[in-house]
Amino acid sequence: PRCVNVGIWRPVRLGRHEAARLDVPCVRTLAADATLAVVYIGCEVVAWGDAADLSVEVQLANGEQHLATRVPVTDGMAHAVLTVPQPALWWPAGYGAQALYDLTMTLRQSEEVLDTHVERVGLRTVALDRTPEPEELGAENFVFVINGVPVFAKGADWIPADLLNGRVDAARYEELLRLLVEANGNMLRVWGGGQFEKDDFYRLADELGVMLWHDFMFSCALYPDDDPSFVAEVRAEAEYQVRRLRNRAAIVLWCGNNENDWIEDTVRWQDPGHNFGGKSLYHVHLPEIVARLDPTRPYWPSSPYGGNDH
């Protein structure tokens, strides 16, 4: 059924800062195995007024393991690389523990604290094995590889959990994600006809080891990518969501849309002169944004997509 949701349905916050503030940080696991993990942590710093002598202190902690460094802010950016011996790695459900580290970033001007950012992050690498499949001529693999280990993906399609978006809370998310894990699932595909979910959804996916194939929110339709104002809105939304979610260990792939390329294939067969509205979004704009803001994850243009038949 169609149920139109209207109004503010997520928290609104007004923050006040002096001199400078931290923007959304970026945490990337560059390498990881049982003996060593190399973690890049970067953050933009938005400054105004008298903002000299800025530095960022970075702390990463898990149990008794505690690492810290302090780096200067240069040209509006702070960059740190931490080497973690014998790391507690994050694994999908069924492949190991879902270890998470406490990340604390503190922005200072001299010794005065201007801003602090705290979140929990998982250390893990992700790759997509697309090597040729010897058992099928012209075919290739499509296997997620976590921390160097091929993973058999088992799961379901995630659509919004309620007709009324604001009614879904952390308890409802947890009930549904635990049902998946209890059924021996380890992956959800976040459907492009739904929405970017609340923070609790992604937090629980991290904690329960549920990998996420995450669509951008385009589905079963043509979109006006010949309208510059619409494209600007799409880019703003995509950049915001990628920045917001790129530190989540659970997200293992960004996907451009749900079924739009498949629809284009069907329509083009029926009408060879047909113009596919939206194609540049999935094949130009979104892959550029992901490559720039979140290069450690694979991007896939559509679902279904690939091979000699979508």
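The coordinates are above.
Being a predicted model, the structure only gives us computed values, none of them experimental.

**Student:** What should I look at first to understand the overall build of the chain in this one?
**Tutor:** Scanning the chain for helices and strands turns up 5 helices and 16 strands. In summary, the chain has a C-alpha radius of gyration of 21 Å against a globular reference of 19 Å for 310 residues, a match within 12%. Along the first, second and third principal axes, the C-alpha atoms of the chain reach 65 × 45 × 35 Å. The burial tally for the chain puts 44% of its 310 residues in the buried class. Contacts in the chain between residues far apart in sequence, at least 24 positions, make up 69% of those at least 6 positions apart. For the chain, the exposed area adds up to about 15800 Å²; of that, 53% sits on carbon and sulfur atoms.

**Student:** Looking at this structure, I do not really get a nonpolar patch on the surface. What am I missing?
**Tutor:** The grouping of Y95, V149 and F152 at the surface amounts to a nonpolar patch, some 280 Å² of accessible area in total. The topology assignment puts F152 in the loop between strand 11 (149–151) and strand 12 (155–158). Residue classification places F152 among the exposed positions, given a relative accessible area of 59%.

**Student:** Explain the environment of H79 to me, please; I cannot follow it from the model alone.
**Tutor:** Within the secondary structure, H79 is located in strand 6 (residues 77–85). Taking relative accessible area as the criterion, H79 reaches 46% and is therefore assigned partly exposed. Distance in space between the C-alpha atoms of H79 and A249 is 20 Å, their sequence separation being 170 residues. Beyond its immediate stretch of four places on either side in the chain, H79 contacts Y40, I41 and V71. Polar side-chain contacts of H79 include one of 2.7 Å to the side chain of Y40.

**Student:** I keep staring at the packing of helix 1 (residues 170–182) against helix 2 (residues 199–208) and nothing clicks. Help me out?
**Tutor:** Helix-helix packing: each pair is described by the crossing angle between the helix axes and the interaxial distance. At a closest axis distance of 9 Å, the pairing of helix 1 and helix 2 adopts a crossing angle of 35°. In the crossing of helix 1 with helix 2, the sense of the turn from one axis to the other is right-handed. Residue-level inspection shows A170, Y173, E174, L177, R178 and V181 of helix 1 in contact with helix 2, the latter providing D200, F201, R203, L204, A205 and L208. Here the contact of helix 1 with helix 2 is built from residues that sort into 8 nonpolar, no polar and 4 charged.

**Student:** I would appreciate a short explanation of the sheet that holds strand 13 (residues 187–190) in the present structure.
**Tutor:** By way of backbone hydrogen bonds, the strands of a sheet pair with one another, either parallel or antiparallel. The 5 strands are arranged 12-13-14-15-16 in an open sheet whose pairing can be described as parallel. Each edge of the open sheet carries a strand with a single partner, namely strand 12 and strand 16 (299–300). Sheet topology note: the strand 15 (residues 251–255)/strand 16 ladder contains 2 bridges and is parallel. By the bridge assignment for strand 16, W254 is matched with Y299. Helix 1 rests against strand 12 and strand 13 of the sheet, and its axis sits at about 150° to strand 12.

What counts as what
Residues numbered from 1 in each chain as written. Predicted model: local features only at pLDDT ≥ 70, side-chain atom pairs only at ≥ 80, totals over all residues. Heavy atoms only, no water. Helix = DSSP H or I, 4+ residues; strand = E, 2+ residues; numbered from the N terminus. Rg over C-alpha atoms; globule rule 2.2 N^0.38 Å. Buried < 20%, exposed > 50% of the residue type's maximum accessible area, 1.4 Å probe, protein only. Contact = heavy atoms within 4.5 Å. Areas by Shrake-Rupley, 256 points an atom, 1.4 Å probe, with all protein chains shown as cover. Patch = residues over 30% accessible without salt bridge, like charges linked within 9 Å, V, L, I, M, F, W, Y side chains within 5 Å. Salt bridge = Lys/Arg side-chain N within 4 Å of Asp/Glu carboxyl O. Polar contact = N/O pair within 3.5 Å; in protein donor to acceptor, adjacent residues only side chain to side chain. Axes fitted to C-alpha atoms, helices over the stretch in contact; angles between N-to-C directions. Left-handed = near helix turned anticlockwise from the far one by under 90°. Nonpolar A, V, L, I, M, F, W, Y, C, P; charged D, E, K, R; others polar. Pairing = 2+ DSSP bridges.

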